[in-house]
Structure formats: C-alpha cells, structure tokens
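# Report on the structure
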Amino acid sequence: MDLSIFASPEAWISLVTLIFLEIVLGVDNIVFISITSNRLPEEKQHIGRKLGLAGAMLSRCIFLCFASYLVHMVAPLFTIDLGFFAHGFSVRDIVLLLGGAYLIYKGIDEMRDVLALTEEKASHSEEHKAKHQIGLGQAIGTIMVMDIVFSIDSVITAVGLANYLIIMILAVVIAVIMMMVFIDPISDFINKHTEMKILALCFISVIGILLVLDSLGINSGIEVLDMHMEKLMVYFAMVFAFVLELIQMRWSSNFAKWKQEVASTSANDGTVGKMACEEASADVKAVEAGDASKGESE
C-alpha cells in the first residue's frame, strides 16, 4: 500500500470531496434505515442501525474493490424500442428500476401503517405487534440490499473522481462512521414525531420515483455535485419542508407553554379573588354583628 499519495494536495481534495458526496448521497439511506429499524423491538433498534450501516460500508468497499468492472455497469445489455420510447437498459438501470419500485412500495406501505395507527395499536395488542415488528436479520438484510441501490451512483462517482482505491475506501469508511454517530438521534427524532415520519416517507417515495425515472433514462441531463438537478431539487424541497416543520413544532411548543401559564395565572387569580370575597364577607358579618349588639344594648 503506497501512502505517499497523501503527500499531494490532489489526494486530500479528492478525499474531502468524496466524504462530502458520500454523506449527501447517503441521506436517503439514513432515512430508509430509520424507518426500517423502527420495526425492530425497541431494545434492538440501536444495534440494528449500527449493523445495517456496517453492512452498508462492507458492501460499498467490496464494490470499490471491483471498481474496474463497475464502469461496465452502464453499458446497455438490451434495448427496448416502443416507437415513442427507446432506451438501452444496463445493469445499473435494472438495479435502479427494481430498487426504485421497492422504495415506492415501501413508502406507500409504511404510510398506510401510519394512517392506520399500526404502531400505536402494536403497543396495546400482541396481534398488531406481530404484524408490525420484524426480526434483526430481516432488517439488516433489507438495509444492506437497499444500500446497493443507494450506493451505485456514489460508487461510480467515486471511481470517476479518485484514481486510488485507498482514497475511495477511506472516504466511504469515514462517511459511514459519521453516519453511525448521528443515526440514533436522527432515527429517534423521526420516529418520535409523526409529522417528521410522514415527511420522511414522502421523501422515500419521491426518491423511488426518481430512481425509476432515472433507470428509464428520463432526467434533465443537468448535473450538480454529480446528481441530476431534479434530485437536488427534491433534496432542497425536503430540507425546506423540514425547516418549516421545525418552526411549526416550536410554535406549538411555545403555544402549549403559554396556555399552561395562562391557565395557572387564571387559577391563582381565581383563588386570590375567592379569598378576598371571603374576607370581605367576614368583615360585613362582623360589622352587622356589631351593629346588632349595639342596638340591643340601647
């Protein structure tokens, strides 16, 4: 292993760029892991997320070891020509098509569970609990399979940006370790706030639609940060919706605190008023009693 490559600034620029891209392109993966791990028993969710990311890191590193073959994944295997639509399907296209279709199904299915209150019912019924929860092995396997879909573009991008395998693998490892640090608070936040979970499910479904369209060769053709413009626009829209949701949650929290303060103040004012009335009534009675006794003496 030749480490002398790190003496050049180009190597460090490639490393930092790849780490950034791995994290950005891994956002949808984190959301998927959060939703999938939520189906695990509570005591296994932490280990499920960590093992899922570890498996994702392993699969990406294996991909990178066969980097020379990945270039051929974009070569068409067969072509479908319907007259109005013609497209040559490569291995990448097939994987994106199947993965995108699964994400659409997963997003819609999970949304139905949210609307049907499946998770809430699972906490009170063994029957619903059995339907809602999955095993640790099933969760890790699902996460690893879907990471193959999510990692195709990032791995091909890494092959194009870096000339050395050690830089590509190091970028993947560092990015996944950073994801491991933040995956638990992100997952807990999504799962504790239903509105955020619904937003995440919409994000997963839209990403699935984009993957299907990309597999069919339907895209803008404009790339920014090695991502098609439409995917970047979806990311921006989801960030915008996320910020709006945070503002709404903060307003709701402040409004609830204000109502409590008003209720507490009103209760205290009512108590003071009642005491004042009782004291005034006692004074009146005392005065009346004094006048009565005075009259009797006269």
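So, here is what we can say about the structure in this document. Quantities reported herein were computed from a predicted structural model and do not represent experimental measurements. (Residues numbered from 1 in each chain as written. Predicted model: local features only at pLDDT ≥ 70, side-chain atom pairs only at ≥ 80, totals over all residues. Heavy atoms only, no water.)

### Considerations on the overall build of the protein chain
Rules: Starting at the N terminus, helices and strands are each numbered in turn, a helix being any DSSP run of H or I of at least four residues and a strand any DSSP run of E of at least two. The rule is simple: take the accessible area with a 1.4 Å probe, protein chains only, and divide by the maximum for that residue type; under 20% is buried, over 50% is exposed, in between is partly exposed. Contacts: residue pairs with any heavy atoms within 4.5 Å of one another. For the area figures, the Shrake-Rupley method with a 1.4 Å probe applies, and any residue is considered shielded solely by the protein chains shown.
Within the protein chain one finds 11 helices and 4 strands. Each of the 298 residues in the protein chain was classed as buried or not, and the buried ones make up 37%. A separation of at least 24 residues holds for 79% of the contacts in the protein chain among residues at least 6 apart in sequence. Of the roughly 17000 Å² of accessible surface on the protein chain, 68% is carried by carbon and sulfur atoms.

### Section: the pattern of salt bridges
The condition that has to hold: What counts as a salt bridge is simple: a side-chain nitrogen of Lys or Arg found within 4 Å of a carboxyl oxygen of Asp or Glu.
Per the stated rule, a full pass over the model turns up 6 salt bridges. The salt bridge involving Arg 49 is made with Asp 188; its shortest N-O contact spans 3.4 Å. Of this pair, Arg 49 sits in helix α3 (residues 45-65) while Asp 188 sits in helix α9 (residues 165-192), placing them 139 residues apart in sequence. Linking Glu 110 and Lys 106 is a salt bridge whose minimum nitrogen-to-oxygen distance equals 3.3 Å. Within this pair, Glu 110 and its partner Lys 106 are both found in helix α5 (residues 91-115), separated by 4 residues, close to a single helical turn. You can call Glu 110 buried: its relative accessible area is 2%. Among the residues examined, Lys 106 registers a relative accessible area of 11% and is labelled buried.

### Topic: the environment of Met 57
Structurally, Met 57 is set in helix α3. The class of Met 57 is partly exposed, set by a relative accessible area of 22%. Beyond its immediate chain neighbours, meaning those up to four positions away, Met 57 contacts Val 172, Val 173 and Val 176.

### A closer look at the side chain of Gln 45
In plain terms, the rule: Distance and chemistry together define a polar contact, namely a pair of N or O atoms within 3.5 Å, with one atom able to donate a hydrogen and the other to accept it when in protein, and with adjacent residues in sequence counting only for side-chain atoms on both sides.
Mapped onto the elements, Gln 45 comes out in helix α3. A distance of 3.2 Å separates a polar atom in the side chain of Gln 45 from the backbone oxygen of Leu 40.

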